[in-house]
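Take a look at the letters that make up each chain.
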Amino acid sequence: MNRRNILTTLGAAGTGLLAGRGPLAVAQQGTRRGMPTLKITDVKVILTQPANDHLVIVKVMTNEPGLYGVGCATHRERPLAVAAAIEHYLKPFVTGRNCDEIEDIWQSAYVASYFRSGVTLNNALSGIDGALWDILGKRCDVPVYKLLGGKVRTAVPLYGHASARDFSELEDQVHKWMSQGYRHVRVQLAVPGFAGYGVQAETSPEVEKMRPAGTPPSPVFEPTPYVNNTIKMFEQLRARLGFDVELLHDIHERVPPNQAIQLCKAVEPYRPFFMEDPFSPEDVAWFRVLRQQTSCAIAMGELFVNRNEWVFLVAERLIDFIRIHISAVGGLNMARKVASCCEFFNVRTAWHGPGNVSPVGHAVNMHLDLATYNFGIQEQNLFSDTVREVFPGAPEIKGGYMYANDKPGLGIDIDEKLAAKFPYRTPGGSRGNDRRLDGTIVRP
């Protein structure tokens, strides 16, 4: 049998193997044979709230029947603004484009509005971007992490959340996570009588009485009681738990810069894995002062939307972990570049990953985590059974690790009919409800 006959026979055999395998298999085979580039034919925005958070999911359709991709565009506080940006601006902008032109679509869409680096348009772009990576993985019949260079670790280490109103309960929660195999736990402890971040705590009547006459009621946060309480929390936890478990804490930009520095210096002997967001994005210049004062590890970036907010922090080695919300900076395409840049300065990744990151967004986090050498830690969100039904293929979590299912693309989908059963209960969320004793608003 000559070479041409062999190829003909193999081609016929391949066609036979594809029979009955559906449009995805045909599309994958077409890619390998060099068929015409896939086109974007439609973009759907899916709004759903199967748990507490307003999720925004993007579904990019193609001219190959049955082949589509999903992406995360979730901005919990202003989801309808993101949905409108996709529907009225990005959808007509990308329809008809080639699906494999991911970089060019990202760059051109990023500047299409002229003004850029805003959280609404970045989230909208992230949804399109994630869906295109999902499509590329499906066409190539590989998980997205392989398109990023392949695994550098077997699974993704996670940190759990421990938050309590009293120390005994907090210690019990840390022990619970440790017994399940977790080596990293974020700890948040309520300040008696005051509101705080990461803990469900009410302002006491005694604290309300301390306010000036005429101050409207609100949750009350005060920096000094919080700082004192957090130092005591670390001291007691280390005395009871030792140093084998890694403890993390989120300051959440709530205290003045000088008190954030005092706090980081004070907890340094207790060796936190990191202290998160000591300053607000408006105060990032203070990191130059902080780095000179303490070796305490610092994570920063949850509210970043512009590269100029983090580039100098990384280049000057002023932070230890970059902690951006991936969809807020434009999605996977930008985040992979952030990770590569950080690698050169030994800054590790710790992508934002609570409930206001959709399961699709968590899948994006996971694929990056698996392929990123300078990975640090990943924030965990536990998906309820209902959420898993709405998002089949959501990442699996076992023993303090998140595992990929190794399906093509992002490995996750959305059940649109089921998602429609969980419409938004409100137009979005809101932050910034806590105030100082004198009524001054506290940055959330």
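Being a predicted model, the structure only gives us computed values, none of them experimental.

Parameters at a glance
- Residues numbered from 1 in each chain as written.
- Predicted model: local features only at pLDDT ≥ 70, side-chain atom pairs only at ≥ 80, totals over all residues.
- Heavy atoms only, no water.
- Axes fitted to C-alpha atoms, helices over the stretch in contact; angles between N-to-C directions.
- Helix = DSSP H or I, 4+ residues; strand = E, 2+ residues; numbered from the N terminus.
- Parallel < 35°, antiparallel > 145°, perpendicular 65-115°, else oblique.
- Left-handed = near helix turned anticlockwise from the far one by under 90°.
- Contact = heavy atoms within 4.5 Å.
- Phe/Tyr/Trp six-rings, centres within 6.5 Å; stacked < 30°, edge-to-face > 60°.
- Buried < 20%, exposed > 50% of the residue type's maximum accessible area, 1.4 Å probe, protein only.
- Lys NZ or Arg CZ within 6 Å of the ring centre and 35° of its normal.
- Salt bridge = Lys/Arg side-chain N within 4 Å of Asp/Glu carboxyl O.
- 1 Å grid on protein atoms, 1.4 Å probe; cavity = no way out; pocket = protein on both sides within 12 Å on 5 of 7 lines; lining within 4 Å.
- Points joined across faces, edges and corners; volume = space filled by probe spheres on them.
- Nonpolar A, V, L, I, M, F, W, Y, C, P; charged D, E, K, R; others polar.

### Examining the packing of helix H3 (residues 79–94) against helix H5 (residues 119–140)
Between H3 and H5, the shortest axis-to-axis distance is 9 Å and the interhelical angle comes to 55°. Taken together, H3 and H5 sit at an angle that is classed as oblique. Crossing of H3 against H5: the hand is right-handed. Residue-level inspection shows Ala 81, Val 82, Ala 85, Ile 86, Leu 90 and Val 94 of H3 in contact with H5, the latter providing Thr 120, Leu 121, Asn 123, Ala 124, Leu 125 and Ile 128.

### Digging into the packing of aromatic side chains
Counted under the stated rule, the structure contains ten aromatic pairs. Look at Tyr 114 and Phe 115: their rings are 5.0 Å apart centre to centre, the planes differ by 65°, and that puts the pair in the edge-to-face class. Each member of the pair, Tyr 114 as well as Phe 115, carries the same accessibility label: exposed. Both rings, one in Phe 279 and one in Trp 286, keep their centres 6.5 Å apart while their planes meet at 45°; by these two values the pair is tilted. Following the ring pairs from residue to residue traces out a cluster consisting of Tyr 159, Phe 273, Phe 274 and Phe 321. The positively charged end of Arg 254 is found above the aromatic ring belonging to Phe 221, 5.1 Å away from the centroid. Sitting over the face of the ring of Tyr 403, Lys 398 holds its NZ or CZ atom 4.8 Å from the ring centroid.

### Points about the pattern of salt bridges
Under the counting rule described, the total for this entry stands at 23 salt bridges. In this structure, Arg 186 engages Asp 250 in a salt bridge whose closest nitrogen and oxygen atoms are separated by 3.6 Å. Of the two residues, Arg 186 sits in strand E5 (residues 184–189) while Asp 250 sits in strand E6 (residues 246–250), which places them 64 residues apart along the sequence. Like Asp 250, Arg 186 is buried. One continuous salt-bridge network, built from bridges that share partners, spans Asp 53, Arg 76, Glu 77 and Arg 431.

### Topic: the layout of surface pockets
Empty space within the largest pocket amounts to approximately 1,400 Å³. Lining the largest pocket are 47 residues, with Arg 76, Tyr 197, Gly 198, Gln 200 and Pro 354 positioned closest to its centre. For the lining of the largest pocket, the element with the most residues is strand E4 (residues 156–164), which contributes three residues. Of the residues that constitute the lining of the largest pocket, the class distribution is 18 nonpolar, 18 polar and eleven charged. The calculated volume of the second largest pocket comes to roughly 440 Å³. Around the second largest pocket, the lining comprises 21 residues; the ones closest to its centre are His 75, Glu 77, Leu 303, Asn 356 and Arg 431. Looking at the lining of the second largest pocket residue by residue, the classes come out as five nonpolar, nine polar and seven charged.

These values are about where atoms sit, not about what they do.
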